[in-house]
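Topology and contacts: notes
Each chain, written out:
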Amino acid sequence: MLIEIHYGNGSILLVNGNCRSVNFVNYIRKHCCLSSTIPIDLCLLNTGEPLHLLSSQTNIVSADKRRFPFHSHCVLTRIEEDGTYIPLLNDSSLITNDFLTKLKRATTKPIQTKSNTKTTKQQAQKLSIEKPKRRRSLKAVAIVATIVNNFKH
């Protein structure tokens with residue numbers, strides 16, 4: 001997975017995303033001259049969706065290969081203490097109001113409201129009864145069939 005990282009005054013850093021997140025972030029910090037105390041992340045240029053580099057110790061490609069295209073264009077962002085993502089790119093052709101809106105929408109956490117509805121006994125019983133059905137493995141079916149055939153003969 002190739003990632004084009006847009007940062008600074010229109011600079012682009014082309015990196016291979018097939019590595020551990022820690023090494024990937026350290027490489028970005030080194031080439032973009034960023035301190036290790038600044039929390040950073042990458043956000044997709046077309047959707048504003050963050051890659052969450054610091055929350056994972058896995059390979060970026062193996063974890064997200066289905067979600068992201070082979071060649072991604074990302075913007076380097078700084079994460080503030082309140083969770084706000086600030087683009088570290090000074091290019092008005094890429095950082096548009098549309099991108100900032102997408103970034104804000106993709107990075108804000110949904111507000112969870114507490115519902116004050118009480119569950120009745122019937123609802124509680126219904127929830128406890130409805131468990132997802134397990135699929136039987138073929139091996140277990142073959143064992144049972146063998147045992148049944150042995151008892152018949």
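Right above here is the structure, for reference.
Residues numbered from 1 in each chain as written. Predicted model: local features only at pLDDT ≥ 70, side-chain atom pairs only at ≥ 80, totals over all residues. Heavy atoms only, no water.

Another aspect to go through is the pairing of strand S2 (residues 11-16). Relative to S2, strand S1 (residues 2-7) runs antiparallel, the two being bridged by six bridges. In the sheet register, Ile5 faces S2, and the bridge partner there is Leu13. Between S1 and S2, which pair antiparallel in sequence order, lie three residues; one of them, Gly8, sits at a positive phi of approximately 60 degrees. (Pairing = 2+ DSSP bridges. Helix = DSSP H or I, 4+ residues; strand = E, 2+ residues; numbered from the N terminus.)

A separate point is helix H3 (residues 97-107). Along H3, the positions that sit buried rather than exposed are Phe99, Leu103 and Thr107. Taken down its axis, H3 places every buried residue within 50 degrees of arc, on the same side. Facing away from the buried side of H3, by more than 90 degrees, are the exposed residues Asn97, Lys104 and Arg105. Tucked inside the fold, the buried residues of H3 contact strand S3 (40-44), strand S4 (71-79) and strand S5 (85-87). (Buried < 20%, exposed > 50% of the residue type's maximum accessible area, 1.4 Å probe, protein only. Arc of directions from axis to C-beta. Contact = heavy atoms within 4.5 Å.)

Glancing now at unusual backbone geometry. Positive phi values are uncommon outside glycine, yet Cys33 reaches one of about 55 degrees. Residue placement: Cys33 occurs in the loop between helix H1 (21-31) and S3. Classification of Cys33 as exposed rests on a relative accessible area of 71%.

Nonpolar side chains tend toward joint burial in soluble globular proteins. Counting residues in each nonpolar core, the largest one holds 17 residues, and the members touching the most others are Ile3, Ile5, Phe24, Ile28, Leu42, Leu53 and Leu76. Taken together, the elements giving at least two residues each to this core come down to S1, S2, H1, S3 and S4. Cys43, Val75, Ile95 and Leu103 belong to the second-largest nonpolar core, a separate cluster that totals eight residues. (Core = buried A, V, L, I, M, F, W, Y, C linked by side-chain atoms within 4.5 Å.)

Now for H1. Turning to H1, its buried residues are Ser21, Phe24, Val25, Ile28 and Arg29. All buried residues of H1 project into a common sector of 135 degrees when viewed along the axis, lining one side.

A few words now on the side chain of Thr107. Within the element layout of this structure, Thr107 appears in helix H3. For Thr107, the side chain forms a polar contact with the main-chain oxygen of Leu103, separated by 2.7 Å. If near-sequence neighbours (up to four positions away) are discounted, Thr107 is found in contact with Gly48, Pro50 and Tyr85. (Polar contact = N/O pair within 3.5 Å; in protein donor to acceptor, adjacent residues only side chain to side chain.)

Okay, the environment of Val25 next. Within the secondary structure, Val25 sits in helix H1. Owing to a relative accessible area of 4%, Val25 belongs among the buried residues under this scheme. When the C-alpha positions of Val25 and Ile40 are compared, they lie 8.1 Å apart, and in sequence the two are 15 residues distant. In this view, Val25 contacts Ile40, Leu53 and Leu54; residues no more than four positions away in its chain are not counted.

With that settled, consider the pattern of salt bridges. One pass over the structure, following the stated rule, counts two salt bridges. Of the charged contacts in the structure, one is a salt bridge between Glu80 and Arg78, with a shortest N-O distance of 2.6 Å. The class of Arg78 is partly exposed, set by a relative accessible area of 29%. In this structure, the salt-bridge partner of Asp98 is Lys102, at a minimum N-O distance of 3.5 Å. One end of the pair is Asp98 and the other is Lys102, both in helix H3 and four residues apart, which spans about a single turn. Residue classification places Asp98 among the partly exposed residues on the basis of a relative accessible area of 48%. Overall, Lys102 belongs to the partly exposed group, its relative accessible area being 26%. (Salt bridge = Lys/Arg side-chain N within 4 Å of Asp/Glu carboxyl O.)

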